Amino acid sequence: MISNYVYTSKKWIQKCTVMIVITILLLVIVILHTDTSVMKQTMGNTVGQNHLQIKQLTGISEKNISSPFNPDFSTDSPFIESDDKDLNTGKGSVQLSVVSKIDTVIKRRFDERTALRNKVCSKEDYKGMVARSLKGRISSLGKNRIKWCRIPKVGTTYLQGLEKRVLRTMAKNNGAVTKTKTMIMVREPYSRLVSGYIGKIVTNPPWQRSIGAAITKKFRPLATANARRCGHDVTFPEFLKYFIEAEKSGWMRNIHFVPIYKQCNPCSSNYDFIGHLETIKDDLSYALRTVNISIDMDFSDEESTTKGKANSIVKHREKILKCESMCSALSKVWWSFHARGLISTDIPFPLNEEKCKLINTTEFENLVWNAHTQSTGRVNKSKQRRDTLITLYLQAPLEDRLKVQELMWKDFEIYGYDPQPDDLFPELKGSKL
């Protein structure tokens, strides 16, 4: 009986021991799993916070330094990927490594642009360039922290909106600076002419009645009386002929089309920053940080741009109907949004003649903005813009394209743009200038 009891006790002890071991093992597994999850969550939070911190510190995405909003037709943006080891070494390391890396790249780019300008302006045929008065041309960024020389069709509306809505307030809240910086913003010359043509000649009824009508009379001998009076259907080849004549003789010259080098005295004014519209967000972020303003450059004027143009064209209904149908005018505005990459080309103009006659400003604004919203993620802005640029220039004879190139040659040289892209001069592909 005693032996049976002893045997039973041993069995019970063995079972208890096994259960205890299993329990301990389970506890260890649970603890390890919990620690790992906490560690992953902590690391994830740290990386997420650091990524957010980078954006807050620099105003630039750490994945892609350049993401310009503006209606440009080319890019010369750098692309930098962040190092994970930099993101996980604490706040100080993030600030020093990421901001320093970005600023080094952007500063080098500014230095190269200044060096190019100095080299080109030292040439004999540039030394005689007449310095023009800058009265009325200088604007403020960051409440006079940066003096910026305005050039029409080079992001002026965007920069003025940014100053009014963002920079003035930020400058008030940040410490004072000891020196005001100076800046000029330039743009790829061929795309600037296209922007001027679309914004002033194609979609602007008051300009059509003045410059548009003058162009039609001078360069279209067989134009109808209506076209000569209204100037509402000027072609791009006709516009280029106007530009050539205006620059050679001064006839009807307008500041919106005058080459950049004839504005803001590039060779006699030693600007601290030569910004390019194609990299405006990078360039402006860096320039502002040098005057103690760090902002998130996500500011966009796309809504005000699209709705403003939609509103303006409908308001001119009475004048438009004296020259063309409302649908003709509205469809040109829609095309302009295609040209600028603001609406995907697979979203066609949606109105018929009857609807065009009745639509009001708010309805057309909403129609345009909804199409723009639908285009998000499905439109390749750069490609649409470039396709428009190519299509327009190739409508003009090579002789006129070469004349335009010659008239803007100093812009190409001073600011480092390609004077003869293959897609705009396919007849000369492979030939050297």
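In what follows, the accompanying structure is described. What you see is a predicted model; the values in this text were computed from it and never measured.

Overview of the pattern of salt bridges
Where charged atoms from two side chains of opposite charge come close, those side chains can pair.
Logical step 1: Going through the model one piece at a time under the given rule, you end up with 21 salt bridges.
Logical step 2: A salt bridge links Asp283 to Arg109; its shortest N-O distance comes to 2.9 Å. In this pair, Asp283 is assigned in helix H10 (residues 280-289) and Arg109 in helix H3 (residues 91-121), connecting sequence segments 174 residues apart. Here the two residues Asp283 and Arg109 agree in accessibility, since each one is buried.
Logical step 3: Of the charged contacts in the structure, one is a salt bridge between Lys307 and Glu303, with a shortest N-O distance of 2.9 Å.

Re a positive patch on the surface
Logical step 1: Together, Arg209, Arg229, Lys319 and Lys322 make up a positively charged patch on the protein surface.
Logical step 2: Using a relative accessible area of 52% as the deciding quantity, one classes Lys322 as exposed.

Here we look at the packing of helix H6 (residues 189-202) against helix H7 (residues 205-219)
Any two packed helices are characterised by the angle at which their axes cross and by the distance between the axes.
Logical step 1: Relative orientation of the contacting elements H6 and H7 amounts to 105°, with a least axis distance of 7 Å. Regarding the angle of H6 to H7, the classification is roughly perpendicular. Taken together, the residues of H7 that come into contact with H6 (itself represented by Lys200, Ile201 and Val202) are Trp207, Gln208 and Ile211.
Logical step 2: For the contact of H6 with H7, the per-class residue count stands at four nonpolar, one polar and one charged.

Remarks on the environment of Tyr242
Logical step 1: The topology assignment puts Tyr242 in helix H9 (residues 236-249).
Logical step 2: Judged by relative accessible area, Tyr242 falls into the buried class, the value being 1%.
Logical step 3: Those residues within four positions of Tyr242 in sequence are excluded, and the remaining contacts are Ile211, Ile215, Phe219, Trp251, Met252, Arg253, Asn254 and Phe257.

Details of the state of the cysteines
Covalently bonding the sulfur atom of one cysteine to the sulfur atom of another cysteine gives a disulfide.
Logical step 1: The full count for this structure, using the stated rule, is four disulfides.
Logical step 2: With its sulfur 1.9 Å from that of its partner, Cys121 forms a disulfide with Cys267. An S-S torsion of about -75° defines the bridge between Cys121 and Cys267 as left-handed. Placement of Cys121 in helix H3 and of Cys267 in the loop between H9 and strand S4 (273-276) is noted, with a sequence separation of 146 residues between them.
Logical step 3: With a relative accessible area of 26%, Cys267 lands in the partly exposed category.
Logical step 4: There is a disulfide in this structure between Cys327 and Cys356, and the S-S distance comes to 2.0 Å. Torsion about the S-S bond of the Cys327 and Cys356 cystine: about 80°, corresponding to right-handed handedness. One end of the pair, Cys327, is in helix H13 (residues 326-339); the other, Cys356, is in helix H14 (residues 353-358), with 29 residues separating them in the sequence. Neither residue differs from the other here; Cys327 and Cys356 are each classed as buried.
Logical step 5: Sequence-ordered numbering of the bonded cysteines in the chain gives a disulfide pattern of 1-5, 2-4, 3-6, 7-8.

Calculation criteria
- Residues numbered from 1 in each chain as written.
- Predicted model: local features only at pLDDT ≥ 70, side-chain atom pairs only at ≥ 80, totals over all residues.
- Heavy atoms only, no water.
- Salt bridge = Lys/Arg side-chain N within 4 Å of Asp/Glu carboxyl O.
- Helix = DSSP H or I, 4+ residues; strand = E, 2+ residues; numbered from the N terminus.
- Buried < 20%, exposed > 50% of the residue type's maximum accessible area, 1.4 Å probe, protein only.
- Patch = residues over 30% accessible without salt bridge, like charges linked within 9 Å, V, L, I, M, F, W, Y side chains within 5 Å.
- Areas by Shrake-Rupley, 256 points an atom, 1.4 Å probe, with all protein chains shown as cover.
- Lys, Arg positive; Asp, Glu negative; His and termini not counted.
- Charge placed at Lys NZ, Arg CZ, Asp CG, Glu CD.
- Axes fitted to C-alpha atoms, helices over the stretch in contact; angles between N-to-C directions.
- Parallel < 35°, antiparallel > 145°, perpendicular 65-115°, else oblique.
- Contact = heavy atoms within 4.5 Å.
- Nonpolar A, V, L, I, M, F, W, Y, C, P; charged D, E, K, R; others polar.
- Disulfide = S-S within 2.5 Å.

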